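Fold and geometry: a report
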Amino acid sequence: MIILASGSPRRKELLSLITEDFTIIPADIDETINEGIELFKQPQYLAEKKARFVFENGHQNDIVIGSDTGVFVDGKMIGKPSSTENAKQMLEELSGKKHIVVTGCSIISKNKCVSFSEKTTVEFYKLNDDEIDEYIATNEPMDKAGAYGIQGKGATLVKRIEGDYYNVVGLPVGTLKRKLKEISLISD
């Protein structure tokens, strides 16, 4: 059985593009990142931590997929906003700039652990206060890394992307499918 170690409705929807045959068991972990983990490897580290937690808690005969997405700007990772004020700060920081979205994935089974990261560059339009406030009023930014969802109303903030769109949504579907096939965990 395939298990998605995430409660994200977006990841559930994206994994269903690869297979309908999976179960969701969110990983309730401490998302503290150990010192020494390279900045762009942090989502991959958390993805493996999530997958390993579910795998080691009663699912050693299953295939567990963990995933984590980070938004990087100005040499740091920004997570999910803690308040509307924090969301506003994040969107102001992303305004008119390019940033990098990294989704780390980890696939753990009885015989294998394969982890990888996918990077996508996203450029925002220059946003004014009214645009930011209007977007925050939708409440969409509150549970998303970087305080925006490209698959929703956040699409209006995005000027262009370079790379995998689905990676920005939260799961690099094409790469994940190929990795699962490569390690013979799914077939066509």
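Higher on the page you've got the structure.
Residues numbered from 1 in each chain as written. Predicted model: local features only at pLDDT ≥ 70, side-chain atom pairs only at ≥ 80, totals over all residues. Heavy atoms only, no water.

**What to know about the packing of aromatic side chains**
This is how it is decided: Two aromatic rings from Phe, Tyr or Trp, using only the six-membered ring of Trp, form a pair when their centres are within 6.5 Å; if the ring planes differ by under 30 degrees the pair is stacked, by over 60 it is edge-to-face, and anything between is tilted. Only protein chains enter the accessibility calculation, which uses a 1.4 Å probe; a residue is then buried when its area is under 20% of its type maximum, exposed when over 50%, and partly exposed in between. Lysine NZ or arginine CZ positioned within 6 Å of the ring centre and within 35 degrees of the ring normal marks a charge as sitting over the ring.
Counted by the stated rule, this structure contains 3 aromatic pairs. Summarising the aromatic geometry, the rings of Y165 and Y166 are spaced 5.2 Å apart at their centres and angled 75° between planes, so their arrangement reads as edge-to-face. Classification of Y166 as partly exposed rests on a relative accessible area of 37%. K119 extends its terminal NZ or CZ atom over the ring of F40, reaching a point 4.2 Å from the ring centre.

**Examining the packing of helix α3 (residues 84–94) against helix α4 (residues 129–137)**
To describe two helices that pack against each other, one gives the angle between their axes and the distance between the axes. Convention followed: As a rule, the C-alpha atoms of each element are fitted with a line to give its axis, helices using only the stretch in contact, and angles between N-to-C directions run from 0 to 180 degrees. Numbering of helices and strands runs from the N terminus; a helix is a DSSP stretch of H or I covering at least four residues, while a strand is a stretch of E covering at least two. Roughly parallel here means an angle under 35 degrees, roughly antiparallel means over 145, roughly perpendicular means 65 to 115, and every remaining angle is called oblique. Here a crossing is called left-handed whenever its near helix is offset anticlockwise from the far helix by less than a right angle, and right-handed whenever the offset is clockwise. In this description, contact between two residues means that some pair of their heavy atoms is separated by no more than 4.5 Å.
Where α3 contacts α4, the axes come no closer than 10 Å and their chain directions differ by 135°. In this view, α3 runs oblique relative to α4, as classed from their interaxial angle. Handedness of the crossing formed by α3 with α4: right-handed. Within the contact between the two elements, α3 uses T84, A87, K88, L91 and E92 and α4 uses D129, I132, D133, Y135 and I136.

**Some remarks on unusual backbone geometry**
Positive phi is not limited to glycine here, since D74 has a value of about 50°. Among the structural elements, D74 can be located in the loop between β3 (63–73) and β4 (76–78). At A147, a residue that is not glycine, the phi angle is positive and equals roughly 65°. Secondary-structure assignment places A147 in the loop between α4 and β7 (158–162). Judged by relative accessible area, A147 falls into the buried class, the value being 0%.

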